[in-house]
Amino acid sequence: MKRFLKRALAALLAFCTALLVFAGCTQDPEKERAKAYYDLAVEAYNNKDLLTAREYFIAADGYGNSKTFIEAIDEYERIYLEAVQQLEAKDYDAAKASFEAVRDYSNAEDYLVYINDLKAFYEDGLRLYSEEDFELSRERFVQSCDYGRAAEYIASIDAMESRYQDAMRLYREQHYNAAIAAFEAIGANYKDTYDMISVCYGELEHAGVSITDYLTAYLKSNGDENEQVSFVMTDVNETGFMVSDTKGMLFTGSTDVYGIVQSIAFWVDDNIVVEKGRAYVDRLLAHCIRALDIEMMSYSDVLANIAEYTDGKATYGNFSFELSYEDSGHAVLNARYIYGSAEE
């Protein structure tokens, strides 16, 4: 009996061992593989490597809550791609908000650093603009890639540059009053605008006059005294001029390349000298002299000091004078621009 029980127990033990071995050999290898991928996916997810995690969750083939993780990562990707589109459209505030919502996805963090750099360039541009360092400010706005109102500020600076170049052109052409107005229209100290305004005012202290402006001023001086006069002949070219009027005056002289009078001779006809006398000649010449700077003195003041000018003792409108009488009887008052040609 004991021998029988021993055999039975041994047989049962062998059966159980075989059963356990069979059970081990028949466990599902696909399930084991899926679990391994799932574990890798969770690890990658926790390490914020979402793209790798997604690949592992897909490989896990539905194991556990892989599907939920995949849907969450796909939502991250949707927001990320939307953020990239917002960035390309230069909607930086929206892009930043979107990237911040998925900052652990892909290179979203790099994009956030990039946007913050653009903002820093923009804010530096604003600071430089307020300090009127417009050239460097423009560089910063360009570097900001249209962040905020950068495009408006760039357009504003470009407009200042255009006005500045117009003002400089007027300055070079010796139109100092117009240049001052153009510089002031800039509305800020763009480049050396304020210095150039001072320079223009300085130039006005010894500025010349164009032949066109001179002839206009001559008519005005006569008109101020209710004297009627007009021009009979006007011949003006690039280097000189010859003009006559109804009072019997003849004007001849030279100009520089900008049309600024360099010298001018006022010819009084010999018949006028003889018939009208010196006092009348002085009245004619007073208009000629005053027209060189119509705002400097009134006609009566110029006439009161006429002897100072005709004797060469005083200058007017940056011109010196010398009166002479030709053998023909003509009286000639020669006026020469004191500061010489604008080309010098």
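Before reading on, note that the structure itself is shown above.
Residues numbered from 1 in each chain as written. Predicted model: local features only at pLDDT ≥ 70, side-chain atom pairs only at ≥ 80, totals over all residues. Heavy atoms only, no water.

A. Focus on the overall build of the protein chain. For the protein chain, the count of helices and strands is 14 helices and 6 strands. In the protein chain, which comprises 344 residues, the proportion classed as buried is 35%. Intrachain contacts of the protein chain at a sequence separation of at least 6 include 44% that bridge at least 24 residues. (Helix = DSSP H or I, 4+ residues; strand = E, 2+ residues; numbered from the N terminus. Buried < 20%, exposed > 50% of the residue type's maximum accessible area, 1.4 Å probe, protein only. Contact = heavy atoms within 4.5 Å.)

B. Broad picture of the sheet that holds strand β4 (residues 261–268). Here we have 6 strands laid out as an open sheet, ordered β1-β2-β3-β4-β6-β5, and antiparallel in their pairing. Each edge of the sheet is formed by a strand with only one pairing partner; in this case those strands are β1 (231–236) and β5 (319–325). Between one strand and the next, the sheet's axes are offset by a mean angle of 15°, whatever the strand orientation. Direction of pairing for β5 relative to strand β6 (residues 331–337): antiparallel, over a ladder of 7 bridges. (Pairing = 2+ DSSP bridges. Axes fitted to C-alpha atoms, helices over the stretch in contact; angles between N-to-C directions.)

C. Quick look at the nonpolar core. Within the largest apolar cluster, 48 residues are counted, with the highest numbers of intra-cluster contacts made by F57, F99 and F183. Among the elements that take part in this core, helix α8 (residues 150–172) stands out by supplying 9 residues, more than any other. Contact partners of F57, with chain neighbours within four places excluded, come to Y38, A41, V42, Y45, G62, S66, F69, I70 and I73. With 38 residues, the next largest nonpolar core counts F241, V268, V302 and A335 among its residues. (Core = buried A, V, L, I, M, F, W, Y, C linked by side-chain atoms within 4.5 Å.)

D. Examining the pairing of strand β2 (residues 240–245) more closely. Judged by how many residues are buried, β2 sits mostly within the fold: 5 of 6 residues are covered. Sheet topology note: the β1/β2 ladder contains 5 bridges and is antiparallel. Each bridged residue has a counterpart across the sheet, and for D235 the counterpart in β2 is M242. Linkage of β1 to β2, two consecutive antiparallel strands, is achieved through a turn of 3 residues. Two strands pair when backbone bridges link them, and β2 and strand β3 (residues 249–255) are joined in this way by 5 bridges, in the antiparallel orientation. Each residue of the ladder has a partner; that of V243, found in β3, is F251.

E. Up close: the packing of aromatic side chains. Following the criterion strictly, the structure yields 28 aromatic pairs and no others. On the basis of an interplanar angle of 85° and a centroid distance of 5.9 Å, the ring pair of F251 and F266 is categorised as edge-to-face. Of this pair, F251 sits in strand β3 while F266 sits in strand β4, placing them 15 residues apart in sequence. By the burial criterion, F251 is buried, and F266 matches it. In textbook terms, an aromatic cluster arises when at least three aromatic residues are bridged by ring pairs, as seen for Y92, Y122, Y129, F134, F141, Y147, Y153, Y164, F183 and Y190. Above the plane of the ring of Y280 lies K276, whose end atom (NZ or CZ) is 5.4 Å from the centre. (Phe/Tyr/Trp six-rings, centres within 6.5 Å; stacked < 30°, edge-to-face > 60°. Lys NZ or Arg CZ within 6 Å of the ring centre and 35° of its normal.)

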